[in-house]
Amino acid sequence: MRNRYRFTFLILLSIAVFALFQVSCSEIRDQKILYFAHSLPITHPVHKGILDMQTFVDEKSDGKLQIKIFPDGQLGTEREVLELLQIGSIAMTKVSAASMSNFAPEYKVMGVPYLFRDSEHLFSVLEGEVGQELLEGGTEYLLRGLCFYDAGSRSFYTKRKPIQTPDDLKGLKIRVMNDQMSVDMVNTLGASATPMAYGELYTALQQNVVDGAENNIPSFVTSNHYEVCKYYSFDQHSMVPDVVVIGTKFWDTLSDEEKEWLHSAASESVEKQKHYWRETVKENMEVLKKAQVEFNYPKKEPFASKSSPVMERLMQDPKMKEYIEKIKSQ
């Protein structure tokens, strides 16, 4: 019953947004507007990067092409908004690469635990051959990637005790994204993975439905989860980037010049967003210190070793094996 209501809501939302979209995409006074929906709050460094993209598009096109942003989940969850892109109801979104993997399976490689050595290695991959293949590969599923944004590293945070070794995860219910890679990783490490919508997590932590979660520092702060969870352990098990995506139904309506404006604006916003991310992490660490959150820095080797079967299983797929070998050799 719940799924039927959810489906009905999505259809009604699609119809409503499509009506707006029809107006927004018509050229009124030589102006075309792209609706851009995402689930993050306006204080988040990723949203700030999107604002720069908005400005760059406006400048490059002399106002002929513009972006209208709907933040904070106004038009639905990441999955719902991706579905709206596929049917052409809205133009653009920003989602986690983990969410993209539910639509374009190649993105699974981004969630492999301990695949990336550091952020420099990550972005050398994202801005190289593998990253470009992933961005363009989504077109098969009506979703074209424009660029990757920094989403830092993901680590565990918990209510009752710190996570120093994989053994500390035994018996704990840990919220994860609705992504098979995340589920497999947490279960392999010894916890009980609990997929759950991000917006439901604060209450779930309060009511002991879950014992903790895993995410990056800015999300830990903007969600206010630090009010409930007082232990943050920098095991840094994955570095899952965010992806700026445009639906191909909309992309195909753009002229070559408009595509160049948009692609160039997205690319130029990446360095700005990386700067916002670094500055936000510094500010957030101070917030967490004042809130008396305990930071822990466990050795990564035991976590990497115990989670290695996740990578091994994925490498049974020849395409994933090729990606992983390219990434590790870079």
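All values reported here derive from a predicted model rather than from experimental measurement. Residue numbers restart at each chain and count upward from 1, following the sequence in its written direction. Local features in this predicted model are restricted to residues of pLDDT 70 or higher, and side-chain atom pairs are both shown and tallied only at a pLDDT of 80 or more, whereas totals for entire chains, interfaces and linings draw on every residue. Only heavy atoms go into the side-chain values, all of them from the structure, while hydrogens and water stay out.

## With respect to the overall build of the protein
Segments assigned H or I by DSSP are reported as helices when at least four residues long, segments assigned E as strands when at least two residues long, and all are numbered from the N terminus. Counting secondary structure elements, the protein contains 13 helices and eleven strands. Over its C-alpha trace the protein gives a radius of gyration of 20 Å, about what one expects of a compact globule, namely 20 Å for 330 residues. Dimensions along the principal axes, computed over C-alpha positions, put the protein at roughly 60 × 45 × 40 Å. Relative accessibility decides the category of a residue: with a 1.4 Å probe and only protein chains considered, values under 20% of the type maximum give buried, values over 50% give exposed, and everything between is partly exposed. In the protein, buried positions account for 55% of the 330 residues. Only C-alpha atoms enter the radius of gyration, while the globule expectation follows 2.2 Å times N to the 0.38, with N the number of residues.

## Points about unusual backbone geometry
In this structure, Asp 72 takes a positive phi of about 60 degrees despite not being glycine. Along the chain, Asp 72 falls in the loop between strand E2 (65-70) and helix H3 (78-86). Asp 72 sits in the exposed class, given a relative accessible area of 54%. With a phi angle near 60 degrees, Asn 208 is a residue other than glycine that sits in the positive phi range. Note on placement: Asn 208 falls in the loop between helix H8 (201-206) and strand E8 (212-215).

## Things to note about the sheet that holds strand E10 (residues 242-247)
The pairing criterion for strands is at least two bridges between them, as found by DSSP. If you walk across this open sheet you meet the five strands as E2-E1-E3-E10-E4, and the pairing is mixed. Both edges of this open sheet fall to E2 and strand E4 (143-149), since each of them pairs with a single strand only. Taken pair by pair, the neighbouring strands of this sheet meet at an average axis angle of 25 degrees, ignoring direction. Inspection of the sheet shows E4 paired to E10 by six bridges, in the antiparallel sense. Counterpart to Gly 145 in the pairing with E10 is Val 245. Between N-to-C directions, angles span 0 to 180 degrees; the directions come from axes that are lines fitted to C-alpha atoms, helices contributing only their stretch in contact.

## Some points on the environment of Gln 292
Position of Gln 292 relative to the elements: it lies in the loop between helix H11 (256-290) and strand E11 (294-296). You can call Gln 292 exposed: its relative accessible area is 68%.

## Details of the packing of aromatic side chains
For Phe, Tyr and Trp, where Trp contributes only its six-membered ring, two rings pair if their centres lie within 6.5 Å, and the inter-plane angle classes them as stacked under 30 degrees, edge-to-face over 60, or tilted in between. Applying the stated criterion across every chain, the model contains nine aromatic pairs. Seen in terms of ring centroids, Phe 220 and Tyr 232 are 5.2 Å apart; in terms of plane orientation they differ by 40 degrees. Their pairing is tilted. Placement of Phe 220 in helix H9 (residues 217-222) and of Tyr 232 in strand E9 (residues 231-238) is noted, with a sequence separation of twelve residues between them. Residue class for Phe 220 comes out buried when judged on its relative accessible area of 0%. Consider the rings of Phe 234 and Tyr 297, whose centres lie 4.9 Å apart with planes at 5 degrees: the pair is stacked.

## Describing the pattern of salt bridges
Here a salt bridge means any side-chain nitrogen of Lys or Arg lying within 4 Å of a carboxyl oxygen belonging to Asp or Glu. According to the stated counting rule, one finds 17 salt bridges in the structure shown. Between Lys 319 and Glu 133 there is a salt bridge whose closest N-O contact spans 3.6 Å. With a gap of 186 residues between them, Lys 319 in helix H13 (residues 318-329) and Glu 133 in helix H6 (residues 129-137) connect regions that are remote in the sequence. With its nearest N and O atoms 3.3 Å apart, the salt bridge here joins Glu 322 to Lys 326. Of this pair, Glu 322 and Lys 326 both sit in helix H13, four residues apart, which is roughly one turn of the helix. For Glu 322, a relative accessible area of 33% puts it in the partly exposed group. With a relative accessible area of 24%, Lys 326 lands in the partly exposed category.

## Remarks on helix H5 (residues 119-126)
Where H5 is concerned, the buried positions are His 121, Leu 122, Phe 123, Val 125 and Leu 126. The inward-facing, buried residues of H5 contact H6, E4, H11 and H13. You can read the cap of H5 off the contacts: a side-chain oxygen lies 3.2 Å from the backbone nitrogen of Glu 120, and it is on Asp 118. By definition in these notes, contact holds between two residues if any of their heavy atoms fall within 4.5 Å. Any pair of nitrogen or oxygen atoms within 3.5 Å is treated as a polar contact; in protein, a donor-acceptor pairing is required on top of that, and neighbouring residues in sequence qualify only through side-chain atoms on both sides.

## Details of the layout of surface pockets
If a probe as big as a water molecule is rolled over the atoms, it shows which places are left empty. Cavities and pockets are defined on a 1 Å grid built over the protein atoms alone: a cavity is a set of grid points where a 1.4 Å probe fits but cannot escape, while a pocket is an open set with protein on both sides within 12 Å along at least five of seven lines, and lining residues are those with an atom within 4 Å of any such point. Grid points are joined across faces, edges and corners, and a volume is the space filled by probe spheres set on the points. Each pocket or cavity is described by its volume, and for the second largest pocket that value is around 480 Å³. Lining the second largest pocket are 22 residues, and of these Ser 119, Gly 152, Ser 153, Gln 236 and Met 239 sit closest to its centre. Within the residue set of the lining of the second largest pocket, elements represented by two or more residues are H5, E9 and H11. Residue contributions to the lining of the second largest pocket peak at five residues, all from H11. The residue inventory of the lining of the second largest pocket, partitioned by class, reads ten nonpolar, five polar and seven charged. Residue classes follow a fixed rule: Ala, Val, Leu, Ile, Met, Phe, Trp, Tyr, Cys and Pro count as nonpolar, while Asp, Glu, Lys and Arg count as charged, and any other residue, Gly among them, counts as polar.

## Description of H13
With twelve residues, H13 should reach 16 Å at 1.5 Å per residue; the first-to-last C-alpha distance of 16 Å fits that figure. Among all positions of H13, only Met 320, Tyr 323, Ile 324 and Ile 327 are buried. Here the buried residues of H13 occupy an arc of 95 degrees about the axis, which is enough to place them on one side. With respect to the buried face of H13, the exposed residues turned more than 90 degrees away are Pro 318 and Ser 329. The span expected for a helix works out to 1.5 Å for each residue beyond the first. Directions pointing from the helix axis toward each C-beta atom define the arc.

## Describing the pairing of strand E6 (residues 173-176)
Strand direction decides the pairing type here: E6 and strand E7 (residues 192-195), joined by four bridges, are parallel. Looking at the pairing, Lys 173 lines up with Ser 192 of E7. Viewed along the sheet, the connection from E6 through helix H7 (residues 180-189) into E7 turns out right-handed. Summarising the sheet, E6 and E8 pair through two bridges and their orientation is parallel. Residue pairing across strands places Arg 175 opposite Ala 213, the latter belonging to E8. Convention used here: a crossover is right-handed provided that the path from the first strand, over the helix, to the second strand proceeds clockwise when the strands point away from the viewer.

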